[in-house]
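Chain residues, written in single-letter form:
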Amino acid sequence: MRSYSLVKRLAKWAIGLGLTISLASATIVFYVAYDDAREQQDDLLKEVAWMLARLELTAKNPQTLWMNNRDFEQWFANTQSVNQVTKAGTIVFVRTLHDEGQTLRVVFDRDLPNGAQTLRIGNTQFRVYVMALSNGRHIAVAQDSQEAQSLAFSSAASALIPLFVFEAILFVFLALLSWIIMKPINRLERELFERQPDDLKKIEIVGLPKELNSLVNEINRLFDKIHHFQIRESRFTADAAHELRTPLASLSLQIERLERLPLSDEAKGQISVIRQSVDRTNRMVNQLLSLKRAQNHTEQTNRTQANPSHVLASVIEELWPEAEEKNIEIDVQDFDKLDPLAEGKVFLSKDNLFTIWRNLIENAIRYSPTRSTVTIRLMSLKPFSFFVCDTGPGITEENREHVFEPFYRESGQSIPGTGLGLAIVKTICEQNHLTIRLDWTDPISKSGLKVTVTEIR
């Protein structure tokens, strides 16, 4: 199944449910408000009709002005009266509530009962309130139906405005609430994302919602298992490496004794092959121990200041025989400019800096062709930044992430090696706030390897 977002799913359901409820509520509110507006329009017509009726009867019956509606209806608009219905053919003067109070002379072709009703007068449809008085007079007040419907529609639409405003506020509130609820989860995600690969300390439960406690406890339990596994793995690797050192040392002594004996050229060739195999195995054991020391970060908590010029001199001195054997020139650049008195310091232990430079320069010498140049350039002391480049085959872009994995080597590689050098360098860089980047020495021909190490500030 594809992964999904709880927040997006919750938002979709909330928005869908909210819109459905809003649409249903808006429909109900609209029709209720529309009917209410229509009733109010009819009530308005009725009030105007009754007012005109009172004015009509005031000359003979002045008391009609202060009579209540019930008494007025009983005395002057009696429902039992035969005149309660306006007979067909009766001339009725209809007073309109539009067009500046126009009065229409109308003869209806059917009987009209008292009350509100919809009638067509000419080509226009009206909402008419008819009132037959007990003295035989008729009062009719009309309003254009289209105008009445427009007013009712506007009134109903106005009633929806508070609902829509409330819905908008509700959606904003839900979005804000979702953001607040997700803050602890986002904080936990950010904390896990920013952790170094070797950081296995427990996640603090303080400040997290109870619903995440079980998840965090399981993550902490997983961290404990990984930590114990790493300890067992490191112990096994260290023990195995130490156990291998003893027989390798014995083999080296036996080989030295054999080399002193007068042997045939064929025997000396065989002993030379054995010597190379023992040296390669001994180097792999030393590299394994270096990798485990780096992964255990025993020196990270006690970071000291190292002198890069002095450390580099020690590394070159150790690797000089190998470079001289291949007639490779080691070009050191800008150390005298940035550190003219050889007193510059970087916040990195001497052993870690020595291990980084030894692995990088040794790889550069090993993979460079004879009669070539290996360049080490100091770009900056603060922040500490340098690069080592060679003219060898380089590393293809698709393999640049994989070469930092222990024992990984590019296919078709004929030069002997353990595949641990860059893994050791990467581990030390991560523990000491350094970044490492691989590029081509010559981007045009895509040849050579340029390794840049930069301090993170």
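Look above for the structure.
Notes on the structure in this doc start here. (Residues numbered from 1 in each chain as written. Predicted model: local features only at pLDDT ≥ 70, side-chain atom pairs only at ≥ 80, totals over all residues. Heavy atoms only, no water.)

A few points about the nonpolar core
Rules: Residues grouped as a nonpolar core are buried Ala, Val, Leu, Ile, Met, Phe, Trp, Tyr and Cys residues, joined through side-chain atoms within 4.5 Å. Here the term buried applies to any residue with accessible area under 20% of the maximum for its type, exposed to any over 50%, and partly exposed to those in between, with areas from a 1.4 Å probe on protein chains only. Each helix is a run of DSSP H or I of at least 4 residues and each strand a run of E of at least 2, with the numbering of both proceeding from the N terminus. The criterion used for residue contact is that any of the two residues' heavy atoms lie within 4.5 Å.
Grouped together as the largest cluster of nonpolar side chains are 41 residues, with contacts concentrated most on Ile356, Trp357, Leu360, Ile361, Ile376, Phe386 and Val388. Looking at this core, the elements with two or more residues in it are α6 (308–325), α8 (350–367), β9 (373–380), β10 (385–389), α9 (421–431), β11 (434–442) and β12 (447–455). Residue contributions to this core peak at seven residues, all from α8. When neighbours within four sequence positions are excluded, valine 388 is seen to be in contact with Trp357, Leu360, Ile361, Ala364, Val374, Thr375, Ile376, Leu449, Lys450 and Val451. Within the second largest apolar cluster, 13 residues are counted, among which are Val94, Leu119, Phe126 and Ala140.

Describing the packing of aromatic side chains
To keep it simple, the criterion reads: Geometry of aromatic contacts follows a simple scheme: Phe, Tyr and Trp rings, the Trp one being its six-membered ring, pair when their centres are within 6.5 Å, and the pair is stacked under 30 degrees between planes, edge-to-face over 60, tilted otherwise. Geometrically, a lysine NZ or arginine CZ counts as sitting over a ring once it is within 6 Å of the ring centre and also within 35 degrees of the ring normal.
Scanning the entire structure with this criterion turns up four aromatic pairs. Their ring planes at 55° and their centres at 6.0 Å tell us that phenylalanine 335 and tryptophan 357 sit as a pair that is tilted. Here phenylalanine 335, found in helix α7 (residues 335–338), pairs with tryptophan 357, found in helix α8; they are 22 residues apart in sequence, far enough to count as distant. Neither residue differs from the other here; phenylalanine 335 and tryptophan 357 are each classed as buried. Measuring from centroid to centroid gives 6.3 Å for tryptophan 357 and phenylalanine 384, while their planes differ by 80°, and the two rings are edge-to-face. Of this pair, tryptophan 357 sits in helix α8 while phenylalanine 384 is found in the loop between β9 and β10, placing the two residues 27 residues apart along the sequence. What makes tryptophan 357 buried here is its relative accessible area of 0%. Stacked on the ring of tryptophan 440, the Lys or Arg arginine 400 has its end atom at 4.8 Å from the ring centre.

Here we look at the environment of threonine 427
Put simply, the rule reads: Throughout this description, a polar contact denotes any pair of N or O atoms lying within 3.5 Å of each other; where both atoms belong to protein, one of them has to be capable of donating a hydrogen while the other can accept it, and for residues adjacent in sequence the pair is counted only when both atoms sit in side chains.
Its place among the elements puts threonine 427 in helix α9. You can call threonine 427 buried: its relative accessible area is 14%. Residues threonine 427 and isoleucine 356, 71 residues apart in the sequence, show an inter-C-alpha distance of 9.8 Å. A distance of 2.8 Å separates the side chain of threonine 427 from the backbone oxygen of alanine 423, its partner in a polar contact.

Some remarks on the packing of α6 against α8
Heads up, the condition is: Each axis is a line fitted through C-alpha atoms, and for a helix only the stretch in contact is used; angles between axes span 0 to 180 degrees, taken between their N-to-C directions. Each crossing gets its handedness from the near helix: less than a right angle anticlockwise from the far helix is left-handed, clockwise is right-handed.
At their nearest, the axes of α6 and α8 sit 9 Å apart, and the two run at 35° to each other. Crossing geometry of α6 relative to α8 is assigned as right-handed. Where α6 abuts α8, its residues Pro308, Val311, Leu312, Ser314, Val315, Glu318, Leu319, Glu322 and Ala323 lie against Lys350, Leu353, Phe354, Trp357, Arg358, Ile361, Glu362, Ile365 and Arg366.

Functional significance is not addressed by these values, which are geometric in nature.
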